[in-house]
Amino acid sequence: MRLKGFVKMAAAVAATLVLMAPVKADASEIIDSTEFGTVVVLEVEDMKGIVFVNESDEAKQFIKEAAADPYFVRYNYMDATLARLKAGATSITVLDDDGNVIGVKDAEAIRQDVMNHLAIVGTLNAMSSEEIQAMEKYQLALIDEQEEMLDYIREEMEADLKDMIKNKDEEAEGARILLDIFKELQKVLDAKRQTVLYYQQQAAPEKTQLSLLEVQDHASKVQQALLDFCKLYEADLQELFF
């Protein structure tokens, strides 16, 4: 097994489990941001996430905050995060499933995107207690599904990755980073599950906030490990994004 053949999937898996949400557009988007540079709304194998192409302290902080976005953790909606991200966009390029450019959104289209995301946030805020309970139940089920996916990937890859490290394979460093990512992803899922349970239990706000910070901490470690992994395969990722 060569890791280069798994670069695309590995990047998508990490992005998905940290920042997974029902992104509305069927096609992927490339967002050009004054603050963050190039940001890709990625869809691979029906998995969606956000990947920052340009490494910066601002991007790292944004991802930390986005991973602990209460709307995302509690309901699996990333609209508050996308509204904030797109508000600073200078342009948004829309791609089809084959990576072909099918459109570029102008300032008015971007403004409308932001308004649409904020409207969804408003709808979430207006939910009844019964609707909130249903959303929380769905989120817990989705976290279970994500955990099953992670377990499957680990079962498929871990033995080979450990052999790479043991045999000091030329890609042993990439294998080590992937194993670290898998461990931290599990911690992200555990922390997200606990946070939703706190919401269900109507726990003290400070307790829920600490749990959100735990999600943020582990997601930050995943992001750093993913950045380290991507540096090893920069050329492959350039092909993926561009």
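Residues numbered from 1 in each chain as written. Predicted model: local features only at pLDDT ≥ 70, side-chain atom pairs only at ≥ 80, totals over all residues. Heavy atoms only, no water.

A. Geometry of the overall build of the protein chain. The helix and strand tally for the protein chain stands at nine helices and five strands. In sequence order, the secondary structure elements of the protein chain are arranged as α-β-β-β-α-α-α-β-β-α-α-α-α-α. Burial status across the protein chain gives 50% buried among its 242 residues. Contacts in the protein chain between residues at least 24 apart in sequence constitute 69% of all its contacts with a sequence separation of at least 6. Summed over its atoms, the accessible surface of the protein chain is roughly 12100 Å², and 49% of this surface lies on carbon and sulfur atoms. (Helix = DSSP H or I, 4+ residues; strand = E, 2+ residues; numbered from the N terminus. Buried < 20%, exposed > 50% of the residue type's maximum accessible area, 1.4 Å probe, protein only. Contact = heavy atoms within 4.5 Å. Areas by Shrake-Rupley, 256 points an atom, 1.4 Å probe, with all protein chains shown as cover.)

B. Just the side chain of Arg-74, in detail. The topology assignment puts Arg-74 in helix 3 (residues 70-75). Engagement of the side chain of Arg-74 in a polar contact is seen with the side chain of Tyr-75, the distance being 3.5 Å. Look past the residues within four positions of Arg-74 in its chain and what remains in contact with it is Ile-132, Met-135, Glu-136, Gln-139, Val-196 and Tyr-199. (Polar contact = N/O pair within 3.5 Å; in protein donor to acceptor, adjacent residues only side chain to side chain.)

C. Geometry of the side chain of Lys-105. Relative to the elements of secondary structure, Lys-105 occurs in strand 5 (residues 101-105). For Lys-105, the side chain forms a polar contact with the side chain of Asp-113, separated by 2.6 Å.

D. Expanded view of helix 5 (residues 107-125). Spanning 19 residues, helix 5 covers 27 Å between terminal C-alpha atoms, matching the ideal 27 Å at 1.5 Å per step. Ile-110, Asp-113, Val-114, His-117, Val-121 and Leu-124 are the residues of helix 5 that are buried. Within helix 5, the buried residues cover an arc of 95° as seen down the axis, which keeps them to one side. The elements touched by buried residues of helix 5 are strand 1 (29-33), helix 3, helix 4 (79-87), strand 4 (89-95), strand 5 and helix 6 (129-166). (Expected span 1.5 Å × (residues − 1). Arc of directions from axis to C-beta.)

E. Region of the structure containing the environment of Asp-32. Following the sequence through the fold, Asp-32 ends up in strand 1. With near-sequence residues (within four places) excluded, Asp-32 lies in contact with Gly-37, Thr-38, Gly-88, Ala-89, Thr-90 and Ser-91.

F. Expanded view of unusual backbone geometry. Look at Asn-76: it is not a glycine, yet its phi comes out positive at around 70°. Tracing the chain through its elements places Asn-76 in the loop between helix 3 and helix 4.

G. Quick peek at the pattern of salt bridges. By the definition in use, this model includes 15 salt bridges. Between Glu-29 and Lys-86 there is a salt bridge; the shortest N-O distance is 3.2 Å. Separated by 57 residues along the polypeptide, Glu-29 in strand 1 and Lys-86 in helix 4 bring together distant segments of the chain. Each member of the pair, Glu-29 together with Lys-86, is buried. A salt bridge links Arg-111 to Glu-108; its shortest N-O distance comes to 2.9 Å. Of this pair, Arg-111 and Glu-108 both sit in helix 5, three residues apart, which is roughly one turn of the helix. Residue classification places Arg-111 among the partly exposed residues on the basis of a relative accessible area of 43%. Within this structure, Glu-29, Lys-86, Lys-105 and Asp-113 form a network of salt bridges that share partners. (Salt bridge = Lys/Arg side-chain N within 4 Å of Asp/Glu carboxyl O.)

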